[in-house]
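Here are the chains, one letter per residue:
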Amino acid sequence: MNISNAITEMIIEMLEEKSEIEFQRNLLAQSLGCVPSQINYVLSSRFTPESGFLVESRRGGGGCIKITRLSYNKDSMLSDVFSSVGDRIDEATAKNHLVNLVYHGVVDKHDAAMILCAVSDNVLKTVPTEYRNKARAAIFKGLLIESNRR
């Protein structure tokens, strides 16, 4: 297992006990045998608002980090996703949104897999690059609406 996955797993385990955790970046890095910048990388790439997390960082004293797992009701969560997407979205961000929507029970795994397939770069490869993210956003939103009508 690579170090990024180990950091992610450790943080997720801590968040399973509480929806909000605080830790010092240096101490976590020491316990995992990595440098603090690796912690920063994982936080910025895997613990994003699109993934359902709020990360706050305080400088000094070993770099205190506070991570909160965001909680929503179904309607507010969909509204936030639609606002976040705007008129364009890339494939990775769409996937992050879907993982979060499945986690919170807003979309089931089957619908999420279908949506992800429909908005994938592979499926949209015939759409000119400059229009791809715009087309992806429209498809993504349309399928989310349809999956929540049932």
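In this text, all values refer to a predicted model and were calculated from it rather than measured experimentally.

Engineer: Got a sec to walk through helix H2 (residues 25-32)? Specific residues and values, please.
Structural biologist: Looking only at H2, the buried set comprises Arg25, Leu28 and Ala29. Viewed end-on, H2 has its buried residues packed into an arc of 100°, placing them on one side of the element. Turned more than 90 degrees away from the buried face of H2, the exposed residues are Gln30 and Ser31. Its buried side turned inward, H2 meets helix H1 (3-17), strand E1 (20-24), helix H3 (36-46), strand E2 (53-58) and strand E3 (64-69). Phi turns positive, to about 70°, at Gly33, one or two residues after H2.

Engineer: Talk me through the packing of helix H6 (residues 109-118) against helix H7 (residues 129-147); I want residue IDs and the actual numbers.
Structural biologist: Two quantities define a packed helix pair, namely the angle between the axes and the distance from one axis to the other. Between H6 and H7, the least distance of the axes is 10 Å, while the angle of their chain directions is 160°. Put simply, H6 runs roughly antiparallel to H7. In terms of crossing hand, the pair formed by H6 and H7 is right-handed. Taking contact as the criterion, the partners of Asp111, Ile115 and Ala118 in H6 are, on H7, Ile139, Phe140, Leu143, Leu144 and Ser147. The residue makeup of the contact of H6 with H7, split by class, is 6 nonpolar, 1 polar and 1 charged.

Engineer: Describe the environment of Asn96, and please don't skip the residues or the numbers.
Structural biologist: Position of Asn96 relative to the elements: it lies in helix H5 (residues 91-103). When sequence neighbours within four positions are dropped, the list of residues in contact with Asn96 reads Thr48, Glu50 and Ser51.

Engineer: Go over the nonpolar core, please, and point to the residues and values.
Structural biologist: Counting 16 residues, the largest nonpolar core has Leu98, Leu101, Phe140 and Leu144 as the members making the most contacts within it. Counting only elements with at least two residues in this core, the list comes to helix H4 (74-85), H5, H6 and H7. Ranked by residues supplied to this core, first place goes to H4 with 4 residues. If near-sequence neighbours (up to four positions away) are discounted, Phe140 is found in contact with Val81, Val85, Ile89, Ala94, His97, Leu98, Ile115 and Val119. Ile7, Phe23, Leu28 and Cys34 belong to the second-largest nonpolar core, a separate cluster that totals 15 residues.

Engineer: Lay out the state of the cysteines in plain terms, naming residues and giving numbers.
Structural biologist: Under the criterion given, the structure shown has 0 disulfides. Cys34 carries a free sulfur, and the closest cysteine sulfur to it, the one in Cys64, is 17 Å from it.

Scoring rules and cut-offs
Residues numbered from 1 in each chain as written. Predicted model: local features only at pLDDT ≥ 70, side-chain atom pairs only at ≥ 80, totals over all residues. Heavy atoms only, no water. Buried < 20%, exposed > 50% of the residue type's maximum accessible area, 1.4 Å probe, protein only. Helix = DSSP H or I, 4+ residues; strand = E, 2+ residues; numbered from the N terminus. Arc of directions from axis to C-beta. Contact = heavy atoms within 4.5 Å. Axes fitted to C-alpha atoms, helices over the stretch in contact; angles between N-to-C directions. Parallel < 35°, antiparallel > 145°, perpendicular 65-115°, else oblique. Left-handed = near helix turned anticlockwise from the far one by under 90°. Nonpolar A, V, L, I, M, F, W, Y, C, P; charged D, E, K, R; others polar. Core = buried A, V, L, I, M, F, W, Y, C linked by side-chain atoms within 4.5 Å. Disulfide = S-S within 2.5 Å.

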